[in-house]
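# Architecture and fold: a report
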Amino acid sequence: MTPPTTAIQVLDRAVQLLDAIATADVPATLKIVAAETGLHPSTAHRILSALAAHGLVARGDGGAYHLGRKLRELATHVEAQADLREEARPIMESLRDALGETVNLTLREGDEVVYIDRVISNRMMRVEQVIGSRAPLHVTAVGKLMLGESGDAAIDAYAERTTLPAYTKKTLATTERLKSDIHRSLKRGYALDNEEAEPGVGCIGVLIRDASGRAVAGLSISAPIERRRSEWVAEVKAAGEAVSRRLGFGG
């Protein structure tokens, strides 16, 4: 089968080289991978050197190439995210059915949360986050909890780094207000987004922990602010705890 091509030729060639190394029965020499990919040996060597610098391939004592440790680490993250979605999905669906609103599953990536899964309500008017979309930590319920897990020094650094841009008139755009809200949220075990990311939208968020107790994800329910109810907090917290138990957390 002809490998796919894109507008970024060097990436296409890098993937070809990785495929050639992965399918070889033994560590592959430069001559073999160049022949398998049709690349000139000098081109293959240059790309392989870059891949090795990033840990994506490694070179043995004999000079032959094999897949690097970084690929195994990335594969572990892929498997972990797949397991997380699989474990969380039935609980998310149950929460959606109970409360009639959209439920989101998020991860932290740097200074943002990224939405990796969702279950949407069947209401005509609903809040719907696109899978793969991102939002700054300080404007989301789960993001504030994730930021708080890092401690006050990390909050200060985040505030300095990002300058806490205001997305609405209700965004917590000063370090003092953000810290106060985060401390209160951590103490009670859930956070709120009170139209801080988008006018008219409110969220309730909780953290999901793995077997080690580390916060690995967030669960939130989003609704038009006029429909959000404080009575939902107990059910959202229970859902987050249920997913955490599925991941081995016993706290």
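Residue numbering note: each chain is counted from 1, following its sequence as written. A pLDDT threshold of at least 70 governs which residues receive local features in this predicted model, and a stricter bar of 80 or more applies before side-chain atom pairs are shown or counted, although totals over entire chains, interfaces and linings include all residues. Excluded from the side-chain calculations are hydrogens and water; all other atoms, namely the structure's heavy atoms, are used.

## Section: the packing of aromatic side chains
Remark: the centre distance and the inter-plane angle together describe each pair of aromatic rings, the angle taken between the planes. Classification of ring pairs uses Phe, Tyr and Trp, with its six-membered ring standing for Trp, and accepts pairs whose centres are within 6.5 Å; under 30 degrees between planes counts as stacked, over 60 as edge-to-face, and the remaining range as tilted. Counted by the stated rule, this structure contains zero aromatic pairs. When the NZ atom of lysine or the CZ atom of arginine is within 6 Å of a ring's centre and also within 35 degrees of its normal, the charge is said to sit over that ring. Directly above the aromatic system of Tyr190 lies the positively charged group of Arg188, at a separation of 4.4 Å from the ring centroid.

## Considerations on helix α3 (residues 41–53)
Here α3 is 13 residues long and its end C-alpha atoms lie 18 Å apart, about the 18 Å a rise of 1.5 Å per residue gives. Residues of α3 that are buried include every one of Thr43, Ala44, Ile47, Leu48 and Leu51, and no others. Angular distribution of buried residues about the axis of α3 spans 125 degrees; they occupy a single face of the element. Turned more than 90 degrees away from the buried face of α3, the exposed residues are Arg46 and Ala53. At its buried positions, α3 is contacted by α1 (9–23), α2 (30–37), β1 (57–59) and β2 (65–67). Put simply, DSSP H or I for four residues or longer makes a helix, DSSP E for two residues or longer makes a strand, and each gets a number counted from the N terminus. Given a helix with a known number of residues, its expected span is that number minus one, times 1.5 Å. For the exposure calls, accessible area comes from a 1.4 Å probe over protein chains only, and a residue counts as buried if that area is under 20% of its type's maximum, exposed if over 50%, partly exposed in between. It is the directions from the helix axis to the C-beta atoms whose arc is reported. By definition in these notes, contact holds between two residues if any of their heavy atoms fall within 4.5 Å.

## Considering α1
A rise of 1.5 Å per residue sets the reference length of α1, with its 15 residues, at 21 Å; its end C-alpha atoms lie 21 Å apart and thus fit the reference within 8%. Residues of α1 that are buried: Asp12, Ala14, Leu17, Leu18, Ala20 and Ile21.

## So, the side chain of Ser244
Mapped onto the secondary structure, Ser244 falls in helix α8 (residues 233–246). Those residues within four positions of Ser244 in sequence are excluded, and the remaining contacts are Leu207, Ile208, Arg209 and Phe249.

## Digging into the confidence of the model for the protein
Every residue is assigned a pLDDT by the predictor, reflecting its confidence on a scale from 0 to 100. Counting all residues, the mean pLDDT for the protein is 90, and 93% of those residues have values of 70 or more. Ranking the helices and strands of the protein by mean pLDDT puts strand β6 (residues 191–194) first, with 98, and helix α4 (residues 69–99) last, with 81.

## Details of the pattern of salt bridges
For salt bridges, the criterion is a side-chain nitrogen of Lys or Arg within 4 Å of an Asp or Glu carboxyl oxygen. Inspection of every chain in the model, using the stated rule, returns 15 salt bridges. Salt-bridge contacts for Arg214 lead to Asp210; the nearest nitrogen and oxygen are separated by 3.5 Å. For Asp210, a relative accessible area of 15% puts it in the buried group. Linked by salt bridges that have partners in common, Lys144, Asp181, Arg184 and Glu196 make up one network.

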